[in-house]
Amino acid sequence: VPPRVPDALVPPRTHAAAAMQSIAPRRRRRPALHANDDKDECAPVTIKFVTGNAMKLREVEEILGMNGLPLPLEMIDIDLDELQESQPEKIAAAKARLAAEACGGPAIVDDTSLCLNAIGGMPGPYIKWFQQCKVELHRLLKDYDDKSAFAQSCIAFSPGPGAVPLVFSGVCNGTIVSPRGGSGFGWDAVFQPEGSAETFAEMSGEAKNAISHRSRALALLAQHLKGDRDLLVDLCLEYATDPVFLE
């Protein structure tokens, strides 16, 4: 069951620019990156990452760093209304809008789906509730020959209240297996990515981040932001691609 929308939904630049007006007062002078740099520059805006999972935050930070864009993120654990929708891209976009309004500034959300092909792509975006109910996914497929599945991460970024979020989607195909491994989180122990003999929970963080659904979506986000210097300037993050920041 392939994703039904493009990998990246990128609205016009004008929407993001308009939203910057609402967070412009946050701009203030920040220390110069170079000793002789006396340009009037502002302090970077901290981007809120909506999650209650510190391990997920750390993973996101590592992946963005791998892609040359180590953004200043701050975890915020808030309950957002969940759009009742089968397309995870729309769910992520709706949550990013709510998050930006709640935070009063830029926000990132990650809406993850796990789709089991034998049962029509379920649980999909409802995987969180399956896990809360302690559903054993490998047992769910006990009577099915088809154990294939795909994981999808939809990363939605809102520059601020009123902006149309940018949504980037990453997919990793794999197989549902009996739990193996002690690292990772969520359903990592039962998902064995295509081409690997290990589940996500058996892999090192570096190995998982090289192929995961989340890493693919975040790579698209990083690629877009690094190509939109105006937006980085608006967020006081124009230094994010400078060599001195990456050292």
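Residues numbered from 1 in each chain as written. Predicted model: local features only at pLDDT ≥ 70, side-chain atom pairs only at ≥ 80, totals over all residues. Heavy atoms only, no water.

1. Quick word on the overall build of the protein chain
Looking only at helices and strands, the protein chain features 9 helices and 8 strands. Counting every position in the protein chain, which comprises 247 residues, the buried fraction comes to 48%. Considering only contacts in the protein chain between residues 6 or more positions apart, those separated by 24 or more positions represent 64%. For the protein chain, the accessible surface area stands at approximately 11,900 Å², while carbon and sulfur atoms represent 51% of it. (Helix = DSSP H or I, 4+ residues; strand = E, 2+ residues; numbered from the N terminus. Buried < 20%, exposed > 50% of the residue type's maximum accessible area, 1.4 Å probe, protein only. Contact = heavy atoms within 4.5 Å. Areas by Shrake-Rupley, 256 points an atom, 1.4 Å probe, with all protein chains shown as cover.)

2. Concerning the layout of surface pockets
Taken as a whole, the largest pocket spans an internal volume of roughly 780 Å³. Around the largest pocket, the lining is made up of 28 residues, and of these Thr51, Lys56, Lys95, Asp110 and Lys128 lie nearest the centre. Every element with two or more residues in the lining of the largest pocket is listed here: strand S4 (107-116), helix H4 (127-132) and helix H7 (213-226). Taken together, the residues of the lining of the largest pocket sort by class into 9 nonpolar, 8 polar and 11 charged. (1 Å grid on protein atoms, 1.4 Å probe; cavity = no way out; pocket = protein on both sides within 12 Å on 5 of 7 lines; lining within 4 Å. Points joined across faces, edges and corners; volume = space filled by probe spheres on them. Nonpolar A, V, L, I, M, F, W, Y, C, P; charged D, E, K, R; others polar.)

3. Thoughts on the environment of glutamate 194
Note on placement: glutamate 194 falls in the loop between strand S8 (191-193) and helix H6 (205-211). With a relative accessible area of 64%, glutamate 194 lands in the exposed category. Residues glutamate 194 and alanine 149, 45 residues apart in the sequence, show an inter-C-alpha distance of 9.6 Å. Beyond its immediate stretch of four places on either side in the chain, glutamate 194 contacts Asn173 and Gly174.

4. So, the side chain of serine 169
Within the secondary structure, serine 169 is located in strand S7 (residues 166-176). At a separation of 2.8 Å, a polar atom in the side chain of serine 169 contacts the side chain of glutamine 152. (Polar contact = N/O pair within 3.5 Å; in protein donor to acceptor, adjacent residues only side chain to side chain.)

5. With respect to the pairing of strand S2 (residues 47-50)
On S2, burial covers both faces: Ile47 and Phe49 on one face and Lys48 and Val50 on the other are all buried. As paired strands, S2 and strand S3 (residues 73-76) are joined by 4 bridges and run parallel to one another. By the bridge assignment, isoleucine 47 is partnered in S3 with leucine 73. One crossover worth recording links S2 to the parallel S3 by way of helix H2 (residues 54-66), and it is right-handed. (Pairing = 2+ DSSP bridges. Right-handed = clockwise from strand over helix to strand, strands pointing away.)

6. Quick notes on the confidence of the model for the protein chain
Scored by pLDDT, the protein chain comes out at a mean of 82, with 78% of its residues at no less than 70. Within the model, the stretch residues 10-39 combines pLDDT values under 50 with 57 contacts to residues more than four positions away or in other chains. Low pLDDT, under 50, characterises residues 243-247; the predicted model gives this stretch 8 contacts beyond four residues in sequence or across chains. (pLDDT = per-residue confidence, 0-100.)

7. Section: the pairing of S7
Within S7, 8 of the 11 residues are buried, which leaves it mostly tucked inside the rest of the structure. Here 3 bridges tie S7 to S8, and the two strands are oriented antiparallel to one another. The residue bridging threonine 175 from the neighbouring strand is glutamine 192, located in S8.

8. Regarding the nonpolar core
In terms of nonpolar packing, the biggest core is built from 23 residues, with Leu71, Leu73, Ile108, Phe157, Leu221 and Leu225 touching the most fellow members. For this core, the secondary structure elements donating two or more residues are S2, H2, strand S6 (148-158), S7, H7 and helix H8 (229-234). Considering each element in turn, this core owes the most residues, 5 residues, to H7. The residues contacting leucine 71, other than those within four sequence positions of it, are Ile47, Leu64, Ile108, Leu225 and Leu237. Core analysis: the second largest hydrophobic core is formed by 14 residues, Leu114, Cys172, Trp187 and Met203 among them. (Core = buried A, V, L, I, M, F, W, Y, C linked by side-chain atoms within 4.5 Å.)

9. Brief notes about the environment of phenylalanine 200
As for its position among the elements, phenylalanine 200 is in the loop between S8 and H6. For the pair formed by phenylalanine 200 and aspartate 188, sequence separation is 12 residues and the distance between their alpha carbons is 4.8 Å. Apart from the residues lying within four places of it in its own chain, the contact partners of phenylalanine 200 are Cys172, Ser183, Trp187, Asp188, Phe191, Pro193, Lys208, Ile211, Ser212 and His213.

10. Overview of H7
With 14 residues, H7 should reach 20 Å at 1.5 Å per residue; the first-to-last C-alpha distance of 20 Å fits that figure. Considering only its buried residues, H7 is in contact with H2, S4, S6, S7, H6 and H8. (Expected span 1.5 Å × (residues − 1).)

11. Observations regarding the pattern of salt bridges
Going through the model one piece at a time under the given rule, you end up with 9 salt bridges. Aspartate 111 serves as the salt-bridge partner of lysine 95, at 3.2 Å between the closest nitrogen and oxygen. Of this pair, lysine 95 sits in helix H3 (residues 88-103) while aspartate 111 sits in strand S4; the two residues are 16 residues apart in sequence, bridging distant segments of the chain. Both residues of the pair, lysine 95 and aspartate 111, belong to the buried class. For arginine 214, the salt bridge identified is with aspartate 110, shortest N-O distance 2.5 Å. Here arginine 214 is found in helix H7, whereas its partner aspartate 110 is found in strand S4, with 104 residues between them in sequence. The two residues arginine 214 and aspartate 110 agree in class, both being buried. Several salt bridges share partner residues, and in doing so they unite Lys56, Glu59, Asp110, Asp188, Lys208 and Arg214 into one network. (Salt bridge = Lys/Arg side-chain N within 4 Å of Asp/Glu carboxyl O.)

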